[in-house]
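# Reading the structure
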Amino acid sequence: MIHFMTSNKHKYQEAEKILKNHKIEIKWLPEGYEEIQSDTLEEVVTAALKSIDKDQIIIEDAGLFIKALSGFPGVYSRFIEDTIGNEGILNLLKEQDNRKAEFISVIGFKNEKGEELLFKGIVKGEIATKTRGKEGFGYDPIFIPEGEDKTFAEDIGMKNRLSHRKKALEE
Ligand code: ITT
């Protein structure tokens, strides 16, 4: 049985649903992992996987990367969500025409042989001008994926079809 180690129940629930469609069952390990300070999601995940003394384990580091802010909040997404939040992000983008952003997920998987594998998923989109919708979590109310009108928080079915997490997990 594969365990998904994350302190974030929403991430687990999304992953559980996505993997179920591929007949893969997972279990939640409701613990955070130690995150090094780094510029990239890949380095965070690689270092964390090495520090975890378990096989058959999935971890994920995800973030929102906003073009006009040179990729901010990126690897600092958790801290920024907990501090300035979505309203703070909208404020930073006030009067900004370029609202392009992407969500990135990097999944680390240590298989039954103890081999470490990394998978990446990206969804491009833009930042809404106000928060919209109540589903999902985190930055979902301000993220509109390319080709759609709604935010992830307005249509969770659409999120689960298009998301960075879904792409990384399917890989
Ligand atoms: P773990 O590290 O314990 O897995 P976490 O919530 O810190 O839990 P991340 O570091 O991957 O998870 O996420 C960084 C931030 O980005 C965090 O504030 C999330 O709420 C946000 N985030 C990640 N994926 C998201 C998604 O699909 N939709 C909206 N916000 C998301």
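Look up: the structure comes first, before these words.
Residues numbered from 1 in each chain as written. Predicted model: local features only at pLDDT ≥ 70, side-chain atom pairs only at ≥ 80, totals over all residues. Heavy atoms only, no water.

## What about the packing of aromatic side chains?
One pass over the structure, following the stated rule, counts five aromatic pairs. Relative to Phe 152, the ring of Phe 143 lies with its centre 5.1 Å away and its plane at 50°, an arrangement referred to as tilted. With respect to class, Phe 143 is no different from Phe 152; both count as buried. (Phe/Tyr/Trp six-rings, centres within 6.5 Å; stacked < 30°, edge-to-face > 60°. Buried < 20%, exposed > 50% of the residue type's maximum accessible area, 1.4 Å probe, protein only.)

## Focus: the site of the ligand
Neighbouring the ligand are 20 residues; Thr 6, Ser 7, Lys 11, Glu 81 and Asp 140 lie closest to it. Interatomic distance of 2.9 Å between a side-chain N/O atom of Asn 8 and an oxygen atom of the ligand. Contact distances for the ligand include 3.2 Å between an oxygen atom and a side-chain N or O atom of His 164. Considered on its own, the ligand offers 610 Å² of accessible surface; in the complex 97% of this is hidden by protein. Here the residues of the shell around the ligand are counted per class, giving five nonpolar, six polar and nine charged. (Near = heavy atom within 4 Å. Polar contact = N/O pair within 3.5 Å; in protein donor to acceptor, adjacent residues only side chain to side chain. Areas by Shrake-Rupley, 256 points an atom, 1.4 Å probe, with all protein chains shown as cover. Nonpolar A, V, L, I, M, F, W, Y, C, P; charged D, E, K, R; others polar.)

## Observations concerning the sheet that holds strand 6 (residues 143–145)
Where strands meet in a sheet, backbone hydrogen bonds hold them as pairs that are either parallel or antiparallel. Spatially, six strands are ordered 2-1-3-4-5-6 in an open sheet, and the strand pairing comes out mixed. Across the chains shown, the open sheet's two edge strands, defined by having one partner strand only, are strand 2 (26–29) and strand 6. Within the sheet, the average angular offset between the axes of one strand and its neighbour, ignoring direction, is 35°. Two elements, strand 1 (residues 2–5) and strand 2, share four bridges in a ladder whose sense is parallel. Its bridge partner lying in strand 2, His 3 is registered against Lys 27. Packed onto the sheet, helix 1 (residues 9–20) meets strand 1, strand 2 and strand 3 (57–66) and runs at close to 175° relative to strand 2. (Pairing = 2+ DSSP bridges. Helix = DSSP H or I, 4+ residues; strand = E, 2+ residues; numbered from the N terminus. Axes fitted to C-alpha atoms, helices over the stretch in contact; angles between N-to-C directions. Contact = heavy atoms within 4.5 Å.)

## A closer look at unusual backbone geometry
In this structure, Pro 73 follows Phe 72 across a cis peptide bond, with omega equal to 0°. Mapped onto the fold, Pro 73 is located in the loop between strand 3 and helix 3 (77–83). Residues other than glycine seldom take positive phi values, yet Lys 23 does so here, at roughly 60°. Within the secondary structure layout, Lys 23 lies in the loop between helix 1 and strand 2. For Lys 23, a relative accessible area of 78% puts it in the exposed group. Positioned with a positive phi, Glu 95 is a non-glycine residue whose angle comes to about 65°. As for its position among the elements, Glu 95 is in the loop between helix 4 (85–92) and strand 4 (100–110).

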